[in-house]
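# Coordinate inspection notes
Residues per chain, in single letters:
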Amino acid sequence: GQRVVGHNYILGVMSNALDEDQESTLDRVVEQALIQKIDSRDLGSDVDFLKNIKIDEMNLLKAFWKILEPKIHPILLCSLFLEKDGRSQMILSKDY
């Protein structure tokens, strides 16, 4: 049979959310648009928006950014941070 290897990720989201309402909106969007779709899934085959891309930290961050940025507007996304298995870390930041 095929051996499936799982990874544990921590996602950090930095934004310009200034008040509790904006933070609540950001938390809700991250949960609904990302976490519910990727948690405990085979990212390369079970997640529609990740099909046909190489699954690595930078490609995940870029895909997550594309999903989050329009959904949280007018809140501005500043950076995304991804940690894999408590070891490797990658940051994607907005160029202002």
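Per chain, residue numbering runs from 1 following the sequence as it is written. Local features in this predicted model are restricted to residues whose pLDDT is 70 or higher, and side-chain atom pairs enter the listing and the counts only when it is 80 or higher, whereas totals over whole chains, interfaces and linings include all residues. Values reported for side chains reflect all heavy atoms of the structure, with hydrogen atoms and water molecules removed beforehand.

To continue, consider the overall build of the chain. A run of H or I in DSSP counts as a helix once it spans at least four residues, and a run of E counts as a strand once it spans at least two, with each numbered from the N terminus. Of regular secondary structure, the chain possesses three helices and three strands. Of the regular secondary structure in the chain, the N- to C-terminal order runs β-α-α-α-β-β. Here the globule rule is a power law, 2.2 Å times the number of residues to the power 0.38, and the radius of gyration is based on C-alpha atoms. Here the chain has a C-alpha radius of gyration of 14 Å; the compact-globule value for 96 residues is 12 Å, and the two agree. Projecting the C-alpha coordinates of the chain onto the three principal axes gives extents of approximately 50 × 25 × 25 Å.

This part covers the packing of aromatic side chains. The way to describe two aromatic rings as a pair is by their centre distance and the angle between their planes. For Phe, Tyr and Trp, rings pair up if their centres lie within 6.5 Å, where Trp contributes its six-membered ring, and each pair is then called stacked (planes under 30 degrees apart), edge-to-face (over 60) or tilted (otherwise). Tallying each qualifying case throughout the model produces one aromatic pair. Measuring from ring centre to ring centre gives 6.4 Å for Phe49 and Phe64, while their planes differ by 70 degrees; the resulting arrangement is edge-to-face. Of the two residues, Phe49 is situated in the loop between helix H2 (43–46) and helix H3 (57–72) and Phe64 in helix H3; the sequence distance between them amounts to 15 residues. Burial here depends on accessible area, computed with a 1.4 Å probe over protein chains only, as a share of the maximum for the residue type. Under 20% is buried, over 50% is exposed, and the range in between is partly exposed. On the basis of relative accessible area, Phe64 is assigned to the buried category, the value being 3%.

Turning our eyes to something else, we now look at the nonpolar core. Within soluble globular proteins, side chains that are nonpolar tend to cluster in buried spots. By nonpolar core is meant a set of buried Ala, Val, Leu, Ile, Met, Phe, Trp, Tyr and Cys residues that side-chain atoms within 4.5 Å join together. Leu50, Phe64, Leu68 and Leu80 are the most contacted members of the largest nonpolar core, which totals 23 residues. At the level of secondary structure, the elements contributing two or more residues to this core comprise helix H1 (20–38), H3 and strand E2 (77–84). Excluding its chain neighbours within four sequence positions, the residues that come into contact with Leu68 are Val13, Val29, Val30, Leu34, Leu77 and Leu80. Whether two residues touch is decided by their heavy atoms; if any such pair falls within 4.5 Å, the residues are in contact.

Whenever Lys or Arg places a side-chain nitrogen within 4 Å of a carboxyl oxygen from Asp or Glu, that contact is recorded as a salt bridge. Within the structure shown, the criterion is met by five salt bridges. Notably, a salt bridge pairs Lys54 with Asp56, separated by 3.6 Å at the nearest N-O pair. Residue Asp56 is classed as partly exposed on the basis of its relative accessible area of 22%. Among the salt bridges present, the one from Lys94 reaches Glu69, with a minimum N-O distance of 3.0 Å. With Lys94 in the segment after strand E3 (88–93) and Glu69 in helix H3, this pair connects stretches of sequence that are 25 residues apart.

Bringing unusual backbone geometry into the picture now. The residue after His73, namely Pro74, is reached through a cis peptide bond having omega 15 degrees. If you trace the backbone, Pro74 turns up in the loop between H3 and E2. At Asn52, a position not held by glycine, the phi torsion is positive, near 70 degrees. Structurally, Asn52 is set in the loop between H2 and H3. Relative accessible area serves as the criterion here: at 83%, Asn52 is assigned to the exposed category. The phi torsion at Asp85 lies on the positive side, around 55 degrees, for a residue other than glycine.

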